[in-house]
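One-letter residues, chain by chain:
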Amino acid sequence: MSSVPSPHSDLVGALYRDHRGWLLAWLRRNVACAQRAEDLSQDTFVRLLGREELKAPREPRAFLVAIAKGLLFDYFRRAALEQAYLTELMLVPADEQPSVEAQQLILEDLKNIDRLLGKLSSKARAAFLYNRLDGLGHAEIAERLGVSVPRVRQYLAQGMRQCYIALYGEPT
């Protein structure tokens, strides 16, 4: 985060001052870990600071909860992804398991891929996951999603592009 104040830092400061305690209490009721609630509270306000435009909300608490819910959803999705990875890793014989460092790098790559796939439309994401995880062909995916086979190809290309970006960065 830059040390240069955003054009709406006064508004974010006022929201923080007036509603942070309430938001933190709300998060603590919804998250078992007090530290995670604290992190999510801070992330909510950091997200506001990063916005290009921000207008004073009519219902500040509802506005803050909407942002916090999105962050909470992302947190639970990442935790589920991590748990699925660790569960699969337990099926690998001990002598074939990657090092702890390699496991962490793999997990970070998976989280980056998940984050970038989350930017796709729901149909593009579904098409990509049907193909890569379930092994479905283009025609099967097209039938399930109610789209044409060429559209499925476009969706798969979008998914592959997001995976490329997650692993290697934006193409130049």
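All figures in this text were calculated on a predicted structure; none of them were measured in a lab. (Residues numbered from 1 in each chain as written. Predicted model: local features only at pLDDT ≥ 70, side-chain atom pairs only at ≥ 80, totals over all residues. Heavy atoms only, no water.)

Further remarks concern the overall build of the chain. When you go through the chain residue by residue, the secondary structure sums to seven helices and zero strands. Start at the N end of the chain and walk to the C end: the helices and strands fall as α-α-α-α-α-α-α. Along the three orthogonal principal directions, the C-alpha set of the chain runs to about 55 × 45 × 35 Å. A fraction of 55% describes how many contacts in the chain between residues 6 or more apart in sequence connect residues 24 or more apart. On the chain, roughly 11,300 Å² of surface is accessible, and the fraction owed to carbon and sulfur atoms is 54%. The chain carries 23 positive and 21 negative side-chain charges, and their two centres are separated by 8 Å. (Helix = DSSP H or I, 4+ residues; strand = E, 2+ residues; numbered from the N terminus. Contact = heavy atoms within 4.5 Å. Areas by Shrake-Rupley, 256 points an atom, 1.4 Å probe, with all protein chains shown as cover. Lys, Arg positive; Asp, Glu negative; His and termini not counted. Charge placed at Lys NZ, Arg CZ, Asp CG, Glu CD.)

Okay, the UniProt feature "domain: RNA polymerase sigma-70 region" (unreviewed entry) in the chain next. Mapped onto the present numbering, the UniProt feature "domain: RNA polymerase sigma-70 region" (unreviewed entry) falls at residues 15–80. For residues 15–80, helix accounts for 80% and strand for 0%, while the C-alpha atoms at its two ends are 31 Å apart. (UniProt positions renumbered as here; feature names shortened; annotations may be inferred.)

Moving on to the domain arrangement of the chain. Here the domain parsing of the chain yields domain 1 (7–91) and domain 2 (98–168). When each unit is reduced to the centre of its C-alpha atoms, the spacing between domain 1 and domain 2 is 26 Å. The interface is formed by six residues belonging to domain 1 together with eight residues belonging to domain 2. Looking at the side of domain 1 facing domain 2, the largest losses of area belong to Arg77, Leu81 and Tyr85, adding up to 61% of the total buried there. On inspection of domain 1 and its partner domain 2, the count reaches two salt bridges. With a shortest N-O distance of 2.8 Å, Asp114 and Arg77 are connected by a salt bridge. (Domains from an automatic or database assignment. Buried area = accessible area lost by both parts, 1.4 Å probe. Salt bridge = Lys/Arg side-chain N within 4 Å of Asp/Glu carboxyl O.)

With that out of the way, let us pick up helix α6 (residues 138–145). Of all the positions in α6, only Ile141, Ala142 and Leu145 are classed as buried. Down the axis of α6, the sector holding all buried residues measures 100 degrees, keeping them to one side. Within α6, the exposed residues directed more than 90 degrees away from the buried face are Ala139, Glu143 and Arg144. Tucked into the core, α6 has its buried residues touching α5 (122–134) and α7 (149–168). With its phi angle positive at about 70 degrees, Gly146 sits one or two positions after the end of α6. (Buried < 20%, exposed > 50% of the residue type's maximum accessible area, 1.4 Å probe, protein only. Arc of directions from axis to C-beta.)

This part takes up the packing of helix α3 (residues 60–90) against helix α4 (residues 100–117). Their axes nearest at 10 Å, the elements α3 and α4 cross at an angle of 140 degrees. Accordingly, the angle class assigned to the pair α3 and α4 is oblique. The chirality of how α3 crosses α4 is right-handed. Only Gln103, Ile106, Leu107, Leu110, Lys111, Asp114 and Arg115 of α4 make contact with α3, whose side of the interface consists of Arg77, Arg78, Leu81, Glu82, Tyr85 and Leu89. Looking at the contact of α3 with α4 residue by residue, the classes come out as six nonpolar, one polar and six charged. (Axes fitted to C-alpha atoms, helices over the stretch in contact; angles between N-to-C directions. Parallel < 35°, antiparallel > 145°, perpendicular 65-115°, else oblique. Left-handed = near helix turned anticlockwise from the far one by under 90°. Nonpolar A, V, L, I, M, F, W, Y, C, P; charged D, E, K, R; others polar.)

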